[in-house]
2 protein chains.
Amino acid sequence: MRIGELAKATGTTARALRHYEQAGLIRSERAGNGYRDYDEQTAIRVRNIRHLLDAGLTLEDVSAFAACLDGDLAAATPSDRGRRIALDRLAVLDQRIARQLAARNRLATALGLLPADAAAPPTPRAPKAERVP
Amino acid sequence: MRIGELAKATGTTARALRHYEQAGLIRSERAGNGYRDYDEQTAIRVRNIRHLLDAGLTLEDVSAFAACLDGDLAAATPSDRGRRIALDRLAVLDQRIARQLAARNRLATALGLLPADAAAPPTPRAPKAERVP
DNA sequence: CTTGACCTTGACGTTGGCGGCAGGCTTGGA
DNA sequence: TCCAAGCCTGCCGCCAACGTCAAGGTCAAG
């Protein structure tokens, strides 16, 4: 699979893929002519990366999940050595979401869309964490 | 109130305040010596701006709320002519939050923290919207 | 009257996630 | 045989929201 195909298959661009590669998020073989060559796996991986980026994570954040980017992301890869990092990141994500939700509700309230209460739990079961210096 | 005081009072920096000013989000009088002079109102305004920025809005987004940045933001300023814009932005915010929540849940599931269901309603009562070209 | 804390206006630097272009390979097909 | 497509490696550009000098003016305290 060459870069253009992968790009189409994942709804992104060749440029972005090269970028991910140099960020260490995906890897490629090289064909005799120097062209990048990807396997099927990579498409999934890229899609997962995109999911996370869309969620507002940075590439660095994403790289923390590097180990569990293959596979469904919504189905298993249980007990990884990246779990701790992942949990940290998850906590960060939760914080971020909570803040946005707070702002959203402030806004909605200001617009008279919410009755000045309604604290929707943004994160069902999640541990609390702070810094990871 | 001078810029340094305002900065401290709002937990931000003088630079940022100048930036907000040049973005048209806050205004200042000038003392005889050329120093910026703010009134108490502005502190509230700045805090509201910060709230929105923290929620992931851009300064441009925020400027859409310019009219309702004084006051509590969580208490009234009802029926404004900025409402339509505000509603649009709110929708965008909702989308953003929903995406992040989706990612969060994918993640949590991958980590075995969620039983592969649990779709927490990110936005209680919110209208749906798309583009605003 | 000098020091030091604060203020002023530029203007350039930074971080993230690419976009886009230059200049040069290689290919498949007419 | 030749073209257009697709690929390669740099490398500069861009947007946002400031950070960070630089090169000063101001002012109260000592």
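Figured I'd write up the structure that's included with this text. Quick caveat, the model's predicted, so the values are computed rather than measured. (Residues numbered from 1 in each chain as written. Chains lettered and ligands numbered in written order. Predicted model: local features only at pLDDT ≥ 70, side-chain atom pairs only at ≥ 80, totals over all residues. Heavy atoms only, no water.)

Remarks on the protein's contact with DNA strand C
Around DNA strand C there are 20 residues in total, and Thr13, Arg15 and Thr58 of chain A together with Arg30 and Arg36 of chain B lie nearest to it. A share of 72% of the atoms of DNA strand C within 4 Å of the protein falls on sugar and phosphate groups. Between DNA strand C and Arg15 of chain A, the relevant distance is 2.9 Å, taken from a base oxygen to a side-chain nitrogen or oxygen of the residue. For DNA strand C, a phosphate oxygen lies 2.9 Å from a polar atom in the backbone of Leu59 of chain A. Of all the secondary structure elements, the ones that give two or more residues to the surface near DNA strand C are helix H2 (14-22) of chain A together with helix H1 (3-10) and helix H2 (14-22) of chain B. The element best represented in the surface near DNA strand C is H2 of chain A, accounting for four residues. (Near = heavy atom within 4 Å. Polar contact = N/O pair within 3.5 Å; in protein donor to acceptor, adjacent residues only side chain to side chain. Helix = DSSP H or I, 4+ residues; strand = E, 2+ residues; numbered from the N terminus.)

A few points about the packing of H1 of chain B against H2 of chain B
Geometrically, a packed helix pair is captured by the angle between its two axes and the distance between the axes. Residue and element names in this part refer to chain B. In contact at an axis separation of 8 Å, H1 and H2 are set at 100° when each is read in the N-to-C sense. Classified by the interaxial angle, the pair formed by H1 and H2 is roughly perpendicular. For the pair formed by H1 and H2, the contact residues are Ile3, Leu6 and Ala7 on the first element and Ala14, Leu17 and Arg18 on the second. (Axes fitted to C-alpha atoms, helices over the stretch in contact; angles between N-to-C directions. Parallel < 35°, antiparallel > 145°, perpendicular 65-115°, else oblique. Contact = heavy atoms within 4.5 Å.)

Quick look at helix H3 (residues 40-54) of chain B
Residues and elements named next belong to chain B. Along its 15 residues, H3 runs 22 Å from first to last C-alpha, staying within 8% of the 21 Å computed at 1.5 Å per residue. By the burial criterion, the buried members of H3 are Thr42, Ala43, Arg45, Val46, Asn48, Ile49, Leu52 and Leu53. Gly56 sits one or two residues past H3 and shows a positive phi near 100°. (Expected span 1.5 Å × (residues − 1). Buried < 20%, exposed > 50% of the residue type's maximum accessible area, 1.4 Å probe, protein only.)

Brief notes about the pattern of salt bridges
For the structure on display, the rule yields six salt bridges over all chains. Its salt-bridge partner being Arg104 of chain B, residue Asp94 of chain A comes within 2.7 Å of it at the nearest N-O pair. One end of the pair, Asp94 of chain A, is in helix H5 (residues 83-110); the other, Arg104 of chain B, is in helix H5 (residues 83-110), on a second chain. We note that Asp94 of chain A, like Arg104 of chain B, is buried. Close ionic contact of Glu21 of chain B with Arg36 of chain B constitutes a salt bridge, the shortest N to O distance being 3.4 Å. Of this pair, Glu21 of chain B sits in helix H2 while Arg36 of chain B sits in strand S2 (residues 36-37); the two residues are 15 residues apart in sequence, bridging distant segments of the chain. For Glu21 of chain B, a relative accessible area of 18% translates into the label buried. Each of the salt bridges in this network shares a partner with another, and the network as a whole consists of Glu21, Arg30 and Arg36 of chain A. (Salt bridge = Lys/Arg side-chain N within 4 Å of Asp/Glu carboxyl O.)

Concerning the protein's contact with DNA strand D
Inspection of the region around DNA strand D gives 21 residues, with Gly4, Tyr35 and Arg36 of chain A together with Tyr35 and Thr58 of chain B positioned closest. For DNA strand D, the fraction of atoms within 4 Å of the protein that belong to sugar or phosphate moieties is 65%. The separation between a base nitrogen of DNA strand D and a polar side-chain atom of Tyr35 of chain B is 2.4 Å. Listed by contribution, the elements that provide at least two residues to the surface near DNA strand D are helix H1 (3-10) and H2 of chain A together with H2 and H3 of chain B. Among the elements that line the surface near DNA strand D, the one with the most residues is H2 of chain B, at four residues. Looking at the surface near DNA strand D, its residues break down into eight nonpolar, six polar and seven charged. (Nonpolar A, V, L, I, M, F, W, Y, C, P; charged D, E, K, R; others polar.)

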